[in-house]
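In case you want the letters, here they are:
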Amino acid sequence: MYYDVISSLPQLPYFTRAERLPITPLRLEQRLRRLRPEHAAQLEHARSVLRWRAERLTAHSDESLLAEYAQLLNAELSPQLHEYVSFRRIQQIMLAALRRVHDGVGPWENTRMWSALPHMYHIRQHWDVQDFGLEYLYPWLPQARECLAAGDAIGLEQHLMDLNWRWLSRTAEQQMFAFAAVFAYVFQWEMLKDWLQCDASQAKARFTELIDKVTDVKDS
């Protein structure tokens, strides 16, 4: 149990209501040094794949992204972290399929893609059906499709962040003071950081954050 770690972390505001990060990267990393080695290793590996904008910062193909998720899922992870990785993988592949439909691109030719996830054969067979007929399983699909059709990148990001934020909040509530609550906090913190960085109106808050970083260095 991680009573000391969780107790030392300030509450995170919901990302659309935040003005600044309540804890700096340096301070967060200092708190995470209290994790047991096996949990620290799991979190480091997962963060390298699940960072919110990792796919945008590198030239990932759908296949290479899938390979990273497969490698992570084959690693030794806590049950809750494994569940979140699976959740994110399904989300990424479903979103990739929506984008291919939106761009007028057909189904993947690589057969490995079709054995990667549940329902992939169904998706291929229902490629021309709106939301692949899976909106009852993935209720977030229609809004994601509408954002793609409207070219609303910010709306899509907010929709997906909200989906992940709520998943992580439920996990943290169910696993208070456990490792699951720690990784839920970290992934929510990273979403909050990226949301603030993409919003030009938060420039002043980011300046304040930089000042805090300088202060952290002086205090360390």
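Here the structure is shown first, and the text comes after it.
As the structure is a computational prediction, the values presented were derived from the model and not from experiment. (Residues numbered from 1 in each chain as written. Predicted model: local features only at pLDDT ≥ 70, side-chain atom pairs only at ≥ 80, totals over all residues. Heavy atoms only, no water.)

Where helix α6 (residues 79-102) contacts helix α11 (residues 179-198), the two axes come as close as 9 Å, and the packing angle between them is 35 degrees. In this structure, α6 contributes Q80, L81 and Y84 to the contact, and α11 contributes F179, A180, F183 and F187. Residue composition of the contact of α6 with α11, by class: six nonpolar, one polar and no charged. (Axes fitted to C-alpha atoms, helices over the stretch in contact; angles between N-to-C directions. Helix = DSSP H or I, 4+ residues; strand = E, 2+ residues; numbered from the N terminus. Contact = heavy atoms within 4.5 Å. Nonpolar A, V, L, I, M, F, W, Y, C, P; charged D, E, K, R; others polar.)

Tracing the backbone shows H159 in helix α10 (residues 153-174). When its relative accessible area of 13% is taken as the criterion, H159 is described as buried. At 2.9 Å, the side chain of H159 and the backbone oxygen of W140 are in polar contact. Among residues more than four places away in sequence, those in contact with H159 are W140, Q143 and A144. (Buried < 20%, exposed > 50% of the residue type's maximum accessible area, 1.4 Å probe, protein only. Polar contact = N/O pair within 3.5 Å; in protein donor to acceptor, adjacent residues only side chain to side chain.)

All right, on to the packing of helix α3 (residues 37-50) against helix α5 (residues 62-74) then. Relative orientation and spacing of two packed helices are given, respectively, by the angle between their axes and the distance between those axes. Between α3 and α5, whose axes approach to 10 Å, the crossing angle comes to 165 degrees. Regarding the angle of α3 to α5, the classification is roughly antiparallel. Relative to α5, the crossing made by α3 is left-handed. Where α3 approaches α5, its residues H45, A46, V49 and L50 are matched on the opposing element by E68, Y69, Q71 and L72. (Parallel < 35°, antiparallel > 145°, perpendicular 65-115°, else oblique. Left-handed = near helix turned anticlockwise from the far one by under 90°.)

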